[in-house]
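Observations on the three-dimensional arrangement
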Amino acid sequence: MDPLAELPAGQPVPADDGAAHHLPGLATPRIELPRSEGGSVRLAALGEGRTVLYLYPLSGRPETDLPQGWEEIPGTRGCTAEACDFHDHHRELLDAGAHRVFGLSSQDRAYQRELVGRLRLPFG
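What you see is a predicted model; the values in this text were computed from it and never measured. (Residues numbered from 1 in each chain as written. Predicted model: local features only at pLDDT ≥ 70, side-chain atom pairs only at ≥ 80, totals over all residues. Heavy atoms only, no water.)

**Let's talk about the pairing of strand β4 (residues 98–105)**
Looking along a regular strand, one sees the side chains alternate between the two faces of the sheet. In terms of burial, β4 is a largely internal element, six of the eight residues being buried. The sheet contact formed by strand β3 (residues 50–56) and β4 spans seven bridges and is parallel. Paired with L53 across the bridge in β4 is F102. (Buried < 20%, exposed > 50% of the residue type's maximum accessible area, 1.4 Å probe, protein only. Helix = DSSP H or I, 4+ residues; strand = E, 2+ residues; numbered from the N terminus. Pairing = 2+ DSSP bridges.)

Structure representation (structure tokens):
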């Protein structure tokens with residue numbers, strides 16, 4: 001098994017609790033977010049077509065330690081691997097009907113710009 005797919009000891013297995021089942025069909029909120037390459041994107045103004053927006057708290061960087069206790073927080077493991085998976089499956093997402101893909105992180109624009117370049121992400 002892929003070590004990134006394994007949960008650390010004592011972590012609960014994520015389960016779909018149904019709390020987001022009401023979201024399909026709702027209007028997108030009027031939120032404007034900065035883009036890694038500059039400018040911004042207004043989510044409500046994206047228009048027709050499917051948008052894939054994945055959120056992650058932090059991506060790692062070579063030679064840089066993660067914050068103390070990071071891997072003990074449920075759901076924080078594998079954010080860089082997650083971005084790589086979206087890279088690897090980008091064409092499949094587009095072929096399945098996605099018009100756009102965005103990754104959203106709490107890290108600043110410069111950090112995200114470096115990540116996009118280092119991982120050669122076809123989206124920002």
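Next comes the rest of the write-up.
**Brief notes about unusual backbone geometry**
Positive phi outside glycine occurs at R120, with the angle close to 55 degrees. Mapping R120 onto the fold places it in the segment after α3 (109–119).

**Some points on the side chain of S59**
Tracing the backbone through its elements, the reader meets S59 in the loop between β3 and α1 (79–88). By relative accessible area, S59 is classed as buried at 1%. For S59, the contacting residues outside a window of four places in its chain are C79, T80, Q107, Y111, Q112 and L115. (Contact = heavy atoms within 4.5 Å.)

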